[in-house]
Amino acid sequence: MAEIKGMLSIIMPAYNEEKLIYNSIMTTLDVVQQFTEKLELIVVNDGSIDNTKNEILKAKQMDKRIKIVSSKKNHGKGRAIISGLTEAIGEYIAFLDADLELFPDQLESYLNVMKEKNYDVVIGCKFHKDSQLKYPFKRKVMSIGYYLMLRILFHLNVKDTQTGIKLFKASALKSVAHLIRTSGFAYDVELLVALNRRGCTIKQMPVHVVYVRKKDSKRIVFKDIVKAFKDTWLIFGRTYMKHYYDC
């Protein structure tokens, strides 16, 4: 049991996840309630064009701890996360991907580390020495290159910004949420840069990844990668030219 004072809010963005989302919601609640008593699950339907919204509503009828935020258009994962954050009332806030390839039981150790060491942020890192996953070599090279880029540009000593499981003290997260302008996949970078600029402590933790999608399933395409790099440079401009994230 993670002995924390207050509620844990989990934000789960979803786009065209009709086949997974109901089970992911119910599994998350069942798993997390075993180590923390007070929790809520905020599921964000990011303009899905399939039956995702109805599946979320079906789950909501089964459990009052579920909240739904829904948009008619797809705005990107970053925007979805921020819109879910507006509904979060917990003292701790976690991000969790809808496919549960990063299983929610890992949040227990994250909460314990946050409490014991008083970290502001605890994030999953695929490149941690204790992580368990099979990571394609091509993606590993790209990720390492991106890490080096972030280290040089922002002095951000975070090896993996993109892993979908993250935990924050609500006080830290909400102090910078209004500054986030990136709607796509680089929103993680902007968020961590903003937190780092304000002196927040960030701890990287191992992850256990269990792949549930088909090998040929592509959730991130080349144009997303290009946009992430463009957004990264925009974040650089906001950081050093406008001092946008400074206190």
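To keep things clear, this report deals only with the structure shown in the data block.

### Overview of helix H1 (residues 21–32)
When the terminal C-alpha atoms of H1 are compared, their 16 Å separation across 12 residues agrees well with the 16 Å that a helix rising 1.5 Å per residue should span. Among the residues of H1, Ile21, Ser24, Ile25, Thr28, Leu29, Val31 and Val32 are the ones counted as buried. Residues of H1 that are buried in the fold lie against strand E1 (8–14), strand E2 (39–46), helix H2 (52–62) and strand E3 (66–71).

### What to know about the sheet that holds E2
With mixed pairing, the seven strands of this open sheet are ordered in space as E3-E2-E1-E4-E6-E5-E7. Two strands close off the open sheet at either side, each with one partner strand: E3 and strand E7 (202–206). Looking at each pair of strands side by side, their axes are set apart by 20° on average, direction ignored. In this sheet, E7 lies alongside strand E5 (residues 121–125) in parallel orientation, the contact comprising five bridges.

### Here's the deal with helix H7 (residues 187–197)
Most of H7 sits inside the fold, with nine of its 11 residues counted as buried. Taken residue by residue, H7 has Tyr187, Asp188, Val189, Glu190, Leu191, Leu192, Val193, Ala194 and Leu195 as its buried positions. Where H7 ends, the next residue or the one after it, glycine 199, has phi of about 80°, a positive value.

### Describing unusual backbone geometry
The phi angle at asparagine 16 is positive, at roughly 50°, despite the residue not being glycine. Tracing the sequence through the fold places asparagine 16 in the loop between E1 and H1. With a phi close to 50°, histidine 243 is a non-glycine residue in the positive phi region. With respect to the secondary-structure elements, histidine 243 resides in the segment after helix H8 (222–240).

### Some words on the pairing of strand E6 (residues 166–169)
In E6, alternate side chains face the same way, and those of Lys166 and Phe168 on one face and Leu167 and Lys169 on the other are all buried. As judged from the four bridges shared by strand E4 (residues 92–95) and E6, these two strands associate in the antiparallel manner. Across the sheet, tyrosine 92 pairs through a bridge with lysine 169, a residue of E6.

Criteria and cut-off values
- Residues numbered from 1 in each chain as written.
- Predicted model: local features only at pLDDT ≥ 70, side-chain atom pairs only at ≥ 80, totals over all residues.
- Heavy atoms only, no water.
- Helix = DSSP H or I, 4+ residues; strand = E, 2+ residues; numbered from the N terminus.
- Expected span 1.5 Å × (residues − 1).
- Buried < 20%, exposed > 50% of the residue type's maximum accessible area, 1.4 Å probe, protein only.
- Contact = heavy atoms within 4.5 Å.
- Pairing = 2+ DSSP bridges.
- Axes fitted to C-alpha atoms, helices over the stretch in contact; angles between N-to-C directions.

Shape is all these values report; function is a separate question.
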